[in-house]
Structures are given as structure tokens and as C-alpha cells.
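# Descriptive structure summary
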Amino acid sequence: MLHSNNCNCTPQNPPLLLFHHNRYTMKKVLLITTLVLGNVFGLQAQDTVSISKSSLLEKVTQNLQLKIANQNYQSAKADYKQTRALFLPNISASQTALVTTNPLMAFGSKLNQEILTPMDFDPNLLNNPKRTQNFATQIEIQQPLINLDGWMGRKAAKAKMDAYGLQTQRTQEYLLLETQKAYMLLQLAYKAVGVMQKAEGTAQANLKLVENYFKNGMLQKTDVLNVQVRVNEIKNQLAAARSNVQNASDYLAFLLNEDVKGTYKPSETLEANFSASEIAKVLNENRTDIQAYQKTTEAYKNLLKMQQMSLLPRLNAFGNYQLYDRTIMGFQANGYLLGAQLSWNLFDGMKSYGKIDKAKADFQKAETEADQYKKQSQLELQKAVRQFQDAKNKLTNAQLAWEQSKEAYRIRQNRFAQGLEKTTDVLQSETLMYQKELEYQQTVFEVQFTQLYLQFLN
């Protein structure tokens, strides 16, 4: 922490006080130097992994949440791929083997094998056929021709796939924001550690000074105890600040899906930089999440049309080619069959109408949800604009308060060295100074994050 080296010892100071003050100044320099070197070597001894903001953003694709979103998109893409069956043929092949003494089946098998003779028409053989075996190979083709409900189902699957694709993009945009926020929190945590380290150095120096004054009978024991309490408080706060660094580093590693043995350390410091672009106050409807809601609504609309068109007839073509023989995989006889079928479900007990009503309700619900989300997004944008303006104003005031508290502490420290200030007043002033510095750093974070959040909302 900052310390004062400009304590003016006037000629009116008692000689003993001046002697102790000069001795204290030398010891204070040695003490602060020792603390600074100790902190530097202590940080170097720890396993730290330097990371920059640019390299950070390149690793966002490793995030587990983004991978899950991408798998959802791949699943929707597979559903859409299945709808190709609407215009592509369905081809199947089969091999059937049978042994029978059934009169009809035996006669039909010989007929398919093209091996009937006049003797086979003997009534005794027709009524009591011998054991007959038949092997049939069949290739079957089914070709959809007109299925209007299927076409609407395909359009619904396409809209669903597009919605998941847009959601994946929005997830990546959100993770970029969250990762930058985590990086800034790590920067802020390191700033807090630096502030508390300076506070510890100042507190230790003040404790040394007060102890010297106490030994010379210039202060009471309560003054020493008050400073010692302050030193212990700062040590606890410094330990908490270092824990916050590790917490922020662990969260950043979680976002990047990395196993880091040690602690991330940002290569850049947290600074207040304002974007030159104008802040948009009107919702951008081309935002990926807004488009995703629109695509979702479109999908439900097409599902409604699909249910409505299920009441219309369907036209499908079919055909097959058969091969028959007494032996397996034999091709002694063959034949084919071609045809088309027009089917129309005239009544299914009101089941189709119930599906239509359900699809209509789902579509209206999707429309309402999309409208609600747009209005919430507009509200959030307006709120973020005000927060950004407030944060900028707060930053100016926080910086001024920090400068004023530093000057107030410097004056009180000098007066204390001259015996004109109470120990408690100096401690309060010192506490206020570092409190204002932490508030300033926190405000810098708020300004930077709110600015990023506005970009995310637009």
C-alpha cells in the first residue's frame, strides 16, 4: 500500500522525536523493500499461467455449454435430414422361404415358379398337395408423390434446425461475454491483491512507528493495540483477496474447459476504455436470439399447417419385382408389379381435429413468448444504457474520492508524525483511502462490463 515519505519534521520538534522519526524512516524503507521483494518472489514461486484476452477468446469454442448447444443443433439437423424421405424413394429387398402343404399356398407357389403341369390340376393333388417349398426374392420400391402435410412438416423441421443454429450462435456470443467478464474479474482480483499488499505495507510501517512512539512514552498501549488490530484485519483481507484470485482463475478455467495446474494471470491490466461507437437505444431485431424466437414461431406455424393438411388426400406410387424358385437364391421365374395409391382419411374419430387445436394453441403460445421476449429485451437494453451512464458518472466520482482520500491520509499522516493527530483518526483515514481505491477499481470493472453487455444486447 502507499506510504508517506514526506513527513515534515519541523525545527520545533523535540530532538528525541526527530531522532526516532529519522530512524523510523530508514527502517520503514527497509521494511517496505523487504515486503515488496517478498511479494514479488512469492508470486514468482507460485505456478502462474499468463493469459491474454485475445488468446482467451480463441478458446471459447472448448466450452462445454457451447458443445451441448452445438449437439442440439446437430440433432435438429438430423431431424431435418429425415424429411428427405418425402421425395426420395424407399427401397427394400427381402428373401422369403416357405414349406407348405396348404392347397392354396402350394398351388400358388408352383404358379409363381412357373412349373405347373396338367397333372397339377388333378383334384386329388389340388386337395391334398405334396410338400411344396418356395423361395421368393423381392425388391420393393415406394415413392411418395403428393403429401402436402409432409411438405409442411419438412418446412417445420427446417425452421427448427435454423432456430437451434441461431441459439448456438447466441450461446457463443453469451460465452464470449461471460469469458470477458471472468477475465475482468480476474484482473479486478489481482488489483485487489495489489491494493491489500500496499495496505499491509503501510499498516506494518504505521505499526513500527507507533511501537517506537510507545517505547518512548509518547503514545498509549491502546494506540498500539488499535494498529495491531488494523494489521490483522488487512492480513485477513489480503488472504481473502488471494482466494478470490484463485476462485476467478478456476471459473475462467471452467469456462475454457481446461485443467490448469496453477493460477491464471492476465497479461493486461484492468483499465477504463470507452468505445467510440454510439450506444443504440432501440432493440436490434436482427439479434440471433430474436431471430431464433422468430424461427421457433415459424416452426410452430408450419406444424399447424401440417396438421391442417393431414385432412387432405395423399398420392403415393409403389412397385416390386419378384423372383421365385424351388431352391434358395434361385431365379427360375420372375414378375413385377407397379401401381399408385390415392388415400384419404375421411374420419378418425375427431383425432385429427384435436391435433389441429393443439398445434394452434402451441403456435399462439410461441407467438406470445416471442413478443414477450422482445419486450423484455428492449427493457433490458434501456436499463443497461442507464446503467452505463450511471457507471461512467460513478467512475468520475470514485476517482475524485480516491484522490481526495489519498490527500487526506497524507495530511493526517504528516500531522500524526508531528503529534497533532490521534492514532484512530490516522487509521480511519488510511482505511478510507484503500476503501476508495478498491471502490474505484470496482467501478472500472462495472464500466467495462456494462459497455460489453450493451454490445451483447445489440
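About the cut-offs
Residues numbered from 1 in each chain as written. Predicted model: local features only at pLDDT ≥ 70, side-chain atom pairs only at ≥ 80, totals over all residues. Heavy atoms only, no water. pLDDT = per-residue confidence, 0-100. Helix = DSSP H or I, 4+ residues; strand = E, 2+ residues; numbered from the N terminus. Contact = heavy atoms within 4.5 Å. Pairing = 2+ DSSP bridges. Axes fitted to C-alpha atoms, helices over the stretch in contact; angles between N-to-C directions. Expected span 1.5 Å × (residues − 1). 1 Å grid on protein atoms, 1.4 Å probe; cavity = no way out; pocket = protein on both sides within 12 Å on 5 of 7 lines; lining within 4 Å. Points joined across faces, edges and corners; volume = space filled by probe spheres on them. Nonpolar A, V, L, I, M, F, W, Y, C, P; charged D, E, K, R; others polar. Phe/Tyr/Trp six-rings, centres within 6.5 Å; stacked < 30°, edge-to-face > 60°. Buried < 20%, exposed > 50% of the residue type's maximum accessible area, 1.4 Å probe, protein only. Lys NZ or Arg CZ within 6 Å of the ring centre and 35° of its normal. Salt bridge = Lys/Arg side-chain N within 4 Å of Asp/Glu carboxyl O.

Take the confidence of the model for the chain next. Per-chain confidence: the chain averages 86 in pLDDT, with 89% of residues scoring 70 or above. Across the chain, the element-wise mean pLDDT spans from 38 in helix H1 (residues 15-45) up to 96 in helix H8 (residues 288-309). Residue range residues 1-45 is modelled with pLDDT below 50. Its contacts to residues more than four positions away, or to other chains, number 56 contacts.

Before going further, it helps to examine the sheet that holds strand E5 (residues 314-325). Taken together, four strands build an open sheet; the order of strands is E2-E3-E5-E6 and the sheet is antiparallel. The sheet is open, and its two borders are formed by strand E2 (90-100) and strand E6 (333-343), each paired with just one other strand. Adjacent strand axes in the sheet meet at a mean angle of 20 degrees, parallel and antiparallel pairs treated alike. Inspection of the sheet shows E2 paired to strand E3 (residues 132-146) by eleven bridges, in the antiparallel sense. Bridging across to E3, Ser92 finds its partner in Glu140. Each of E2, E3, E5 and E6 is contacted by helix H4 (residues 103-113), which is oriented at about 75 degrees to E3, the strand it contacts most.

Each turn of an α-helix holds 3.6 residues, which means side chains three or four residues apart point in the same direction. The end-to-end C-alpha distance of helix H9 (residues 351-417), which contains 67 residues, comes to 92 Å, matching closely the 99 Å that a straight helix rising 1.5 Å per residue would cover. Downstream of H9 by one or two residues, Gly419 has phi in the positive range, about 80 degrees.

As a further point, take empty space enclosed by the protein. All chains considered together, the criterion is met by one cavity of 30 Å³ or more. Reported here for the largest cavity is a volume of approximately 40 Å³. Among the secondary structure elements, those contributing two or more residues to the lining of the largest cavity are helix H6 (148-215), H9 and helix H10 (423-457). Top element by residues in the lining of the largest cavity is H10. It accounts for three residues. In terms of residue class, the lining of the largest cavity is built from five nonpolar, three polar and no charged.

Turning to the packing of aromatic side chains, a few remarks are in order. All told, the structure shown has ten aromatic pairs when counted by the stated rule. On the basis of an interplanar angle of 25 degrees and a centroid distance of 6.3 Å, the ring pair of Tyr251 and Phe254 is categorised as stacked. Note that Tyr251 and Phe254 are positioned in helix H7 (residues 221-256) at a spacing of three residues, about one turn of the helix. Owing to a relative accessible area of 33%, Tyr251 belongs among the partly exposed residues under this scheme. For the ring pair Tyr453 and Phe456, a centre distance of 6.2 Å and an interplane angle of 20 degrees mean the geometry is stacked. Placement of the pair is Tyr453 and Phe456 together in helix H10, with a separation of three residues, close to one helical turn. Residue classification places Tyr453 among the buried residues on the basis of a relative accessible area of 19%. Members of the aromatic cluster, joined through ring pairs, are Tyr174, Phe445, Phe449, Tyr453 and Phe456. The ring of Phe449 is capped by Lys181, whose NZ or CZ atom sits 5.1 Å from the centre of that ring.

Next up on the list: the environment of Ile290. Of note, Ile290 is situated in helix H8. Taking the relative accessible area as the measure of exposure, Ile290 reaches 1% and is therefore buried. The spatial distance from the C-alpha of Ile290 to the C-alpha of Lys374 is 6.9 Å, given a sequence separation of 84 residues.

Below, the discussion takes up the pattern of salt bridges. Enumeration over the complete set of coordinates arrives at 22 salt bridges. The shortest N-O distance in the salt bridge between Asp289 and Arg170 comes to 3.6 Å. One end of the pair, Asp289, is in helix H8; the other, Arg170, is in helix H6, with 119 residues separating them in the sequence. Classification of Asp289 as buried rests on a relative accessible area of 6%. Linking Arg412 and Glu421 is a salt bridge whose minimum nitrogen-to-oxygen distance equals 3.0 Å. In this structure Arg412 comes out as partly exposed when scored by relative accessible area, which is 30%.

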